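The lines below spell out each chain.
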Amino acid sequence: MDERKLEYDSTLGGPVVLGTHMPTYKYAASAYQEIKELVNATKQTTSTKLIFQSLPKHMRRRAMSHHPKRLPRKYRAGHIHQMSKSGKPTQTKRPSRKYRRRPKNLLKEYLRRQRKHKWLETHIWHAKRFHMIEKWGYKLPYASCDKTYRACYRATAEHCLLQDISFYGCVEIRGAINRLKEGLDRLTSRECGLSITAKTFVTGRREGCVDLFKDHQYPHKALGKVSFLWRHQEGETNDYNAPRTLWLWLHPAGYTQILEELIKVFDLKSQKTIKVPLKDEEPTKDATENQSANTVVDQQKKPIVKSQKIQRRLQFMTKTQTRHNVPIYKSEDSMVQLKELKDTLNRFRLTGPLSQSVLQKALKVVDLDKVDNKQSTWICEKAQIHKFSALHKQQQDFWHKCQKLITSPAELLSNMILALNVEDPRLNRPQKRTKALITYNEQAFHESNQPLLCDIVPELSSSALWCEETRNRISDEMLSTHDYCSLRAKHSIVPGKPCKFEDAMQPIPIVLIQRPASQEGDYKRLSYACGWDVIAPAGYGMSLWLSFIMWGARPGGLREFESVAREMGTEEHLPDTIGGQQTSGHRYNELFNKYFRLPPGKRCNYRKFAIVSPFRAPFAQLLRDWDINNSNGEQKSNDFFILRDRCKLQDIGECVKKAKLYKFPKDLPAAQCLIQVKISMTSRGNPGDFSLICLPNRKDFKKKLKQIKNRNHEPVYVEPLLPDTDEKERKRLRMQHKKQLKRLRRQRVREKRKKQETSTTKVVIRPANTSAMCLEHMKTMCKLWLPENTETLYSVRKQGTRDCFGYMTSAHFCLTEGTVGGIAYVTIEGLRELLKLCQQCHIKQPQCLIRSTNSRNYRFASLKVNLNV
């Protein structure tokens, strides 16, 4: 072996000797060619991916596709070049948030967003925490983003639920009682209860509620329920020729129609719009006269802002701009005057037993002895009047007495009105959210000689809120939240302690209205849903709202209106009113579209279930089928009405309670009248809305008795499946429609290929233009799926093997009773047949059969007549 080191064996090529050094220029020359080839390879890319898609996985971001700055700097130019080829428009730079949140720009944005749907003063607070919906021309909170359905029920039953009902429109009517009585009697009826001019309401100490109808159309053409309150008049109230003031609170669903009827009844004509100038603002002559009495158009001009203070004031008063343009109507003799105060007042609703304690904590009555007369507030001028001071003292004493003696609003006079002058709610607000508890003084209750109800006098309802000048002055002189916080930051030495400037802040007049609870123990839970309504001037809505929230009230939305009404055994809108018809129409369209968005295999075949109308209650056709005199099955008018006659409802209620016909009225129009009843399931079953109410027979009652003995919870009867005669036709039309669409597409493809043979440019296939054909096919399929042929004889009454005589409009699980029930409407003849059958079978409590729209099972349920329609 050689002494030199062998790196390789001789069998692999012999010995190789490695050099001790290598020239640099030779290595660079050999590496240059390799680097050149590598650079050329990177330039000639064959990949179909974009640049931002070729990055390593840890560097990829979805935002890179539209935001070039997300990529590394060396790839941005190529990425922008690629995206420009795809035709993507260049994005303009969005203004900074600081610029967009400037007071001037923010106010313009808020006003722009309110052109179509108005906002409440608490809109911004709700928009951050609630699901908002567009309804009745407003943006309203529907339900909380949290799961608070049961929590809101517990608030109404044991605590306090807070709702903003400022969307209710207020209409002020001024005139002599005799003149107002003549006009309002044309829109109401004594059979439905006390009239608007009843003595208990005219004094001003109680709020009333009445059903309004079109002029001389009772019991048809119902407009809806209206709450009202009279302004207290000093001196004698028996003078029916003296001018009085009346406030009507109208639901926005029927606001326009009711306003038109009032204008028509009192023969009013539109006057010039009242322009109330702001402080530091020159009055302008921009009022325009409305040409039509049916429609009111407020042409508002932007006010002249002369100082930064007015501009900041407008930032939190976007809702109250309509109060500076108040529409007014007058009769020819100027004896009756009507003003639209819509969107000029705030109204909040507190429901629950703790609403009393929440108000006592949040509202602190101002002490006139501590008011500085040197200040230029409205209270300083009023305090010099002896009558005002005496009334204020009387209201203050009553409120302090309520704080000591009562624990719930249900203990007071129902619908009583109490006016108070309270301090600014921002001054009496806790640092943290605190639950206001009941402070009951048992010793003071026993020491009091007179009951609290005897101390309620009409003078307690006297308030400065009725004066329009005072209301506008209070709103204009309100210290904005921005200025208040700035002064607190400047003058407050100890956090949480009062400052000296707070003594000069003006108090606000408010009106409290007691809301009665359920008063029938055998029908519903006693004292459920009692509470207060608070009416406050414009501008103070957010301040009051936050004070109530900080003292433990739970916020609610429109969903809670429906749930509270269901728990009380009533409905917010009856089917024959304008609001009920609107709700029924919107709900039908929603359910109808939802049903046909499903594929055919997922749709419930209502034809086989013997259901004629699954998405609404066809009351007009049902009444036609139960009309004894209509033997030919002729289609009559669709005008039906709900029975509201108190005397007749009491007679029918006694007949249903005793299962006898000895007092059943005979002079009712059976072809047009419906009766509202409350349904409660006797055992299992949870029927949904639009469930059928059917008549049982003797076999059903016998089978039920056997099931009770055997503890069997099966359905009493099961509807047999019906054949679907249109099923083959639907399949044939569907296949034919698909083939036609494919044939039309093949024609377009062939046209494109022919043009490509002779054209040198890119050829695009022409549009299909088959929308009309698809729409017509959809209409045909809808008729085949849901043929609502209610024009034929007995199509609604005889749709199943059991006669249908009513429909449920609101079915739910009642948390107060722990059972499933709801509100339903039945025909008179059907209810009479049920009572006859129960009397023959010796049934003590009338029971009917309930069948859901998506089920074939019949189950028994008990029913009671609702007397408080």
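In the block above lies the structure referred to throughout.
Just so you know, these numbers come straight off a predicted model, no measurement behind them.

Undergrad: Kindly report on the overall build of the chain, identifying the contributing residues and their values.
TA: Scanning the chain for helices and strands turns up 25 helices and 25 strands. A burial count over the chain gives 48% of its 869 residues as buried. Considering only contacts within the chain whose residues lie at least 6 apart along the sequence, 75% involve residues at least 24 apart. Accessible surface for the chain amounts to roughly 47900 Å². Of this, 50% is attributable to carbon and sulfur atoms.

Undergrad: Outline the sheet that holds strand β12 (residues 337-340), supporting the account with residue identities and numerical values.
TA: An order of β5-β6-β7-β4-β12-β11-β8 is seen for the seven strands of this open sheet, with the pairing classed as antiparallel. Strand pairing shows two members of the sheet lacking a second neighbour, β5 (208-213) and β8 (268-270), which therefore form its edges. Strand-to-strand twist of the sheet, defined as the mean angle between neighbouring strand axes without regard to direction, takes the value 30°. Sheet topology note: the strand β11 (residues 328-331)/β12 ladder contains three bridges and is antiparallel. When the bridges of β12 are listed, Lys330 appears paired with Gln337. Where helix α7 (residues 177-184) meets the sheet, it contacts β4 (169-176), β6 (222-230), β7 (243-250) and β11, and its direction lies at approximately 125° from that of β4.

Undergrad: Describe the pairing of β11, naming the residues involved and giving the relevant values.
TA: The sheet contact formed by β8 and β11 spans three bridges and is antiparallel. Looking across to β11, one finds that Leu268 is bridged to Ser331. Between β11 and β12, which pair antiparallel one after the other, the connecting turn spans five residues, and Ser334 there sits at a positive phi close to 60°.

Undergrad: Could you give an account of a positive patch on the surface, with specific residues and numbers?
TA: Judged by side-chain charge, Arg734, Lys738, Lys742, Arg743, Arg746, Arg750 and Lys754 come together as a positively charged surface patch. Positionally, Arg743 belongs in helix α23 (residues 727-758).

Undergrad: Which residues make up the pairing of strand β22 (residues 804-814), and what values do they have?
TA: Burial analysis of β22 places ten of its eleven residues in the buried class, the great majority of the element. In the sheet, strand β20 (residues 692-694) pairs with β22 via three bridges, with the strands oriented antiparallel. Bridge pairing links Ile693 to Gly806 in β22. For β22 and strand β23 (residues 819-827), the ladder comprises eight bridges, and the chain directions are antiparallel.

Undergrad: If you had to explain the packing of aromatic side chains to someone new, which residues and values would you point to?
TA: Two aromatic rings, taken as a pair, are described by how far apart their centres are and by the angle between their planes. Enumeration over the complete set of coordinates arrives at 29 aromatic pairs. A centroid spacing of 6.4 Å and a plane angle of 80° characterise the contact between Trp378 and Phe388, whose relative ring orientation is edge-to-face. With Trp378 in helix α12 (residues 378-383) and Phe388 in helix α13 (residues 386-405), the pair connects residues that are ten residues apart, well separated along the chain. You'll find Trp378 and Phe388 in the same group, each marked buried. Clustering of aromatic rings is evident, with ring pairs tying together Tyr588, Phe592, Tyr595, Phe596, Tyr606, Phe615 and Trp785. The ring of Trp785 has Arg603 lying over it, and the distance from NZ or CZ to the ring centre is 5.2 Å. Stacked on the ring of Trp626, the Lys or Arg Arg797 has its end atom at 3.7 Å from the ring centre.

Undergrad: Can you explain the sheet that holds strand β17 (residues 554-555)? Please cite residues and give values.
TA: Judged by pairing direction, the sheet is mixed, and its six strands sit side by side in the order β14-β15-β16-β13-β3-β17 without closing on themselves. One side of each edge strand has no neighbouring strand; the edge strands of this open sheet are β14 (417-422) and β17. Bridging between strand β13 (residues 345-351) and strand β16 (residues 531-537) involves seven bridges; their strand directions are antiparallel. Bridge assignment links Arg347 to a residue of β16, and that residue is Ile535. This element, helix α11 (residues 355-362), spans β13, β15 (508-515) and β16 of the sheet and lies at about 30° to β16.

Undergrad: Would you mind going over unusual backbone geometry in detail, with residue names and values included?
TA: Note the cis peptide between Tyr218 and Pro219, where omega equals 5°. Position of Pro219 among the secondary structure elements: in the loop between β5 and β6. Of note in this structure, Trp136 is not a glycine but carries a positive phi near 55°. Here Ala529, not a glycine, exhibits a phi torsion of approximately 70°, which is positive. For Ala529, the location among the structural elements is in the loop between β15 and β16. Accessibility expressed as a relative area gives 1% for Ala529, which makes it buried.

Undergrad: Can you tell me about helix α25 (residues 828-840), naming the residues and giving the values?
TA: In a regular helix each residue adds 1.5 Å, so 13 residues correspond to 18 Å; α25 covers 19 Å between its end C-alpha atoms and thus fits that length. Listed as buried for α25 are Ile828, Glu829, Gly830, Leu831, Arg832, Leu834, Leu835, Leu837 and Cys838. For α25, the N-terminal cap is Thr827; the gap from its side-chain oxygen to the backbone nitrogen of Gly830 is 3.2 Å. Phi for His842, located one or two positions after α25, is positive at around 60°.

Undergrad: How would you summarise the nonpolar core if you had to cite specific residues and measurements?
TA: Core analysis: the biggest nonpolar cluster contains 69 residues, and Ile652, Ile675, Ile679, Ile693 and Leu831 have the highest contact counts within it. With 50 residues, the next largest nonpolar core counts Trp125, Leu350, Val422 and Ile456 among its residues.

Undergrad: I'd like to hear about the side chain of Ser613, residue by residue, with values.
TA: The topology assignment puts Ser613 in the loop between α19 (578-597) and α20 (619-625). Ser613 sits in the buried class, given a relative accessible area of 2%. Within the structure, Ser613 has its side chain in polar contact with the backbone oxygen of Arg616 (distance 2.7 Å).

How each quantity is defined
- Residues numbered from 1 in each chain as written.
- Predicted model: local features only at pLDDT ≥ 70, side-chain atom pairs only at ≥ 80, totals over all residues.
- Heavy atoms only, no water.
- Helix = DSSP H or I, 4+ residues; strand = E, 2+ residues; numbered from the N terminus.
- Buried < 20%, exposed > 50% of the residue type's maximum accessible area, 1.4 Å probe, protein only.
- Contact = heavy atoms within 4.5 Å.
- Areas by Shrake-Rupley, 256 points an atom, 1.4 Å probe, with all protein chains shown as cover.
- Pairing = 2+ DSSP bridges.
- Axes fitted to C-alpha atoms, helices over the stretch in contact; angles between N-to-C directions.
- Patch = residues over 30% accessible without salt bridge, like charges linked within 9 Å, V, L, I, M, F, W, Y side chains within 5 Å.
- Salt bridge = Lys/Arg side-chain N within 4 Å of Asp/Glu carboxyl O.
- Lys, Arg positive; Asp, Glu negative; His and termini not counted.
- Charge placed at Lys NZ, Arg CZ, Asp CG, Glu CD.
- Phe/Tyr/Trp six-rings, centres within 6.5 Å; stacked < 30°, edge-to-face > 60°.
- Lys NZ or Arg CZ within 6 Å of the ring centre and 35° of its normal.
- Expected span 1.5 Å × (residues − 1).
- Polar contact = N/O pair within 3.5 Å; in protein donor to acceptor, adjacent residues only side chain to side chain.
- Core = buried A, V, L, I, M, F, W, Y, C linked by side-chain atoms within 4.5 Å.

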